[in-house]
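In case you want the letters, here they are:
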Amino acid sequence: MTEPFRFQSVAIVGIGLIGASLALALRDCGFDGAIAVADRNADALQEAEALGLGTTYHGDAAAAVADADIVILSVPVGAMAAVGTAIGPALKAGAIVTDTGSVKGAVIDAMAATLPASARFVAGHPIAGSENSGPGAGFPSLFNHRWCIITPTPETDPEATEIVSGMWQAFGANIEMMEVTRHDLVLALTSHLPHLIAYNIVRTASDMEEVTEAEVIKFSAGGFRDFTRLAASDPTMWRDVFLHNREAVLEALGRFSEDLAMLQRAIRWGDGEQLFDTFTRTRAIRRSIVGAGQDTAAPNFGRPQEPRGGE
Ligand code: NAP
């Protein structure tokens, strides 16, 4: 067993940005046990092998998990149930299964319906990522100084929670324990809604016939550029997030639409005070985010060159 990890063999199902970063982070932290890599995508599997991310490579997730003490699911949220069904019968008794999915309620339900009672499931979500996907996008420091949210339920095994938390801490992540529905609401506001808005702004701009595409690109530093980064995020991952966190996203979207209507009215009626008050309040929030070390005040809209900092 390699300190600080309390397991000897790992299986990673889904070797995209997150799965590859996990494999690299494990090795970076001195983990010298087996890493079985599984993915349904033959190209991703081949790329993972070329990058030397694992010790064995499997198109069949069940074959990958058979010897694993801990199985990490890093597939899109919509694929979790299918993976749970595939790996359930092959898991060792007492094996820990954890995930990285951006939505927690739907994944916990999917695991409860598909994993055997002997498996110990711990739901997790690293608040770290980028708009890039695939094994080549992974890097070992992705989780360093980022939050990882763990959402235990009364059924979650405390020892398994400790082992999973210890792994993330070894990667440099800070752990936050959170209740499941709270996670899904908080993330709907801080991550899912911003992505939806970004997807929509970029679509609106590209559909506006009076403004040419060349002008949109040329003058993108006026604010549009930051939205294009979010709107370049993986379509499969984000489709699944919206389909599986429907209630919380609709709740956040309802509040957003009301506030947007207020700003629209303020512009229409020339209510500068309302606009100024809102923008002063939001500026203070930006400063607290920088103060909390969750972004930088540097130029380039606070965007570091290395892709990191959250979904
Ligand atoms: P990704 O780069 O798109 O990689 C996902 C991989 O899983 C792909 O190779 C995909 O293959 C494979 N896959 C899909 N369904 C599968 C199945 N049934 N069996 C085996 N492999 C399957 O995704 P990612 O960005 O690493 O995200 C992984 C998970 O982490 C998601 O749940 C996401 O919500 C969460 N997350 C993402 C971020 C982020 O910023 N990207 C941050 C935090 C958490 P195909 O190409 O064939 O679909």
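Everything numeric here is computed off the predicted structure, so don't read it as measured data.

Describing the overall build of the chain
Per the secondary structure count, the chain includes 12 helices and 9 strands. Here the chain has a C-alpha radius of gyration of 21 Å; the compact-globule value for 311 residues is 19 Å, and the two agree. Taking the principal axes of the C-alpha coordinates as reference, the chain spans close to 65 × 40 × 35 Å. Taking the contacts inside the chain whose residues are at least 6 apart along the sequence as the reference set, 73% of them involve residues at least 24 apart. Split by element, the accessible area of the chain, about 16,000 Å² in all, is 56% carbon and sulfur.

Focus: the domain arrangement of the chain
Considered domain by domain, the chain is made up of domain 1 (9–178) and domain 2 (182–297). Here the C-alpha centre of domain 2 lies 30 Å away from the C-alpha centre of domain 1. Contact with domain 1, which involves 19 residues of that partner, is made by 16 residues of domain 2. Summed over both partners, the interface of domain 1 with domain 2 comes to about 1,400 Å²; 61% of that surface belongs to carbon and sulfur atoms. Linking domain 1 with domain 2 are 1 salt bridge, by the criterion used here.

Concerning the site of the ligand
The immediate surroundings of the ligand are formed by 27 residues, with Ile-18, Asp-39, Arg-40, Val-75 and Ser-102 found nearest. At 2.7 Å from an oxygen atom of the ligand is found a main-chain nitrogen or oxygen belonging to Val-75. Protein contact buries 88% of the 900 Å² of open area that the ligand shows by itself. Per-class residue counts for the shell around the ligand are 11 nonpolar, 12 polar and 4 charged.

What about the sheet that holds strand β6 (residues 120–122)?
The strand order β3-β2-β1-β4-β5-β6 describes an open sheet built from 6 strands, whose pairing is parallel. Edge positions in the open sheet fall to β3 (56–58) and β6, since each of these has one partner strand only. Across the sheet, the mean angle from the axis of one strand to that of its neighbour is 20 degrees, orientation sign disregarded. Relative to strand β5 (residues 96–99), strand β4 (residues 70–73) runs parallel, the two being bridged by 4 bridges. What sits directly across from Val-71, in β5, is Val-97.

Notes on the nonpolar core
Judged by nonpolar contacts, the single largest core of 37 residues is most densely connected at Phe-7, Phe-143, Trp-168 and Phe-171. Elements with a contribution of two residues or more to this core: β1 (9–13), α1 (17–28), β2 (34–38), α2 (42–50), β4, β8 (147–150) and α6 (158–170). It is α1 that contributes the most residues to this core, 7 residues altogether. Those residues within four positions of Trp-168 in sequence are excluded, and the remaining contacts are Leu-22, Thr-100, Pro-126, Phe-143, Cys-148, Ile-150, Ala-173 and Ile-175.

Section: the pattern of salt bridges
Scanning the model with the defined rule gives 9 salt bridges in all. A salt bridge links Arg-229 to Glu-131, with the nearest nitrogen and oxygen atoms 3.3 Å apart. In this pair, Arg-229 sits in helix α9 (residues 224–231) while Glu-131 sits in the loop between β7 (124–126) and β8, placing the two residues 98 residues apart along the sequence. Across the salt bridge formed by Asp-240 and Arg-239, the nearest N and O atoms sit 3.0 Å from each other. Judged by its relative accessible area of 5%, Asp-240 is buried. Arg-239 sits in the partly exposed class, given a relative accessible area of 48%.

Comments concerning the packing of aromatic side chains
Across all of its chains, the model carries 8 aromatic pairs by this definition. Between the aromatic rings of Phe-7 and Phe-31, the centroid separation amounts to 5.6 Å while the plane-to-plane angle is 55 degrees, which identifies the pairing as tilted. In this pair, Phe-7 sits in the segment before β1 while Phe-31 sits in the loop between α1 and β2, placing the two residues 24 residues apart along the sequence. Judged by relative accessible area, Phe-7 falls into the buried class, the value being 3%. Classification of Phe-31 as buried rests on a relative accessible area of 2%. Considering the side-chain rings of Phe-143 and Trp-168, the 5.0 Å spacing of their centres and the 85 degrees angle between planes classify their relative orientation as edge-to-face.

Let's talk about the environment of Thr-161
Along the polypeptide, Thr-161 turns up in helix α6. Using a relative accessible area of 9% as the deciding quantity, one classes Thr-161 as buried. Separated by 40 residues in the primary sequence, Thr-161 and Phe-121 have C-alpha atoms spaced 8.5 Å apart. Ignoring anything within four residues of it in the chain, the contact list for Thr-161 reads Val-122, Ile-150, Thr-156 and Met-177.

Details of the pairing of β5
Successive residues of a regular strand alternate their side chains across the two faces of the sheet. By the alternation rule, side chains of β5 split into Ile-96 and Thr-98 and Val-97 and Asp-99, which are all buried. Running through helix α4 (residues 80–87), the crossover from β4 to the neighbouring parallel element β5 is right-handed. Taken together, the 3 bridges between β5 and β6 define a ladder with parallel strand orientation. Bridge pairing in β6 places Ile-96 opposite Arg-120.

Conventions adopted
Residues numbered from 1 in each chain as written. Predicted model: local features only at pLDDT ≥ 70, side-chain atom pairs only at ≥ 80, totals over all residues. Heavy atoms only, no water. Helix = DSSP H or I, 4+ residues; strand = E, 2+ residues; numbered from the N terminus. Rg over C-alpha atoms; globule rule 2.2 N^0.38 Å. Contact = heavy atoms within 4.5 Å. Areas by Shrake-Rupley, 256 points an atom, 1.4 Å probe, with all protein chains shown as cover. Domains from an automatic or database assignment. Buried area = accessible area lost by both parts, 1.4 Å probe. Salt bridge = Lys/Arg side-chain N within 4 Å of Asp/Glu carboxyl O. Near = heavy atom within 4 Å. Polar contact = N/O pair within 3.5 Å; in protein donor to acceptor, adjacent residues only side chain to side chain. Nonpolar A, V, L, I, M, F, W, Y, C, P; charged D, E, K, R; others polar. Pairing = 2+ DSSP bridges. Axes fitted to C-alpha atoms, helices over the stretch in contact; angles between N-to-C directions. Core = buried A, V, L, I, M, F, W, Y, C linked by side-chain atoms within 4.5 Å. Buried < 20%, exposed > 50% of the residue type's maximum accessible area, 1.4 Å probe, protein only. Phe/Tyr/Trp six-rings, centres within 6.5 Å; stacked < 30°, edge-to-face > 60°. Right-handed = clockwise from strand over helix to strand, strands pointing away.

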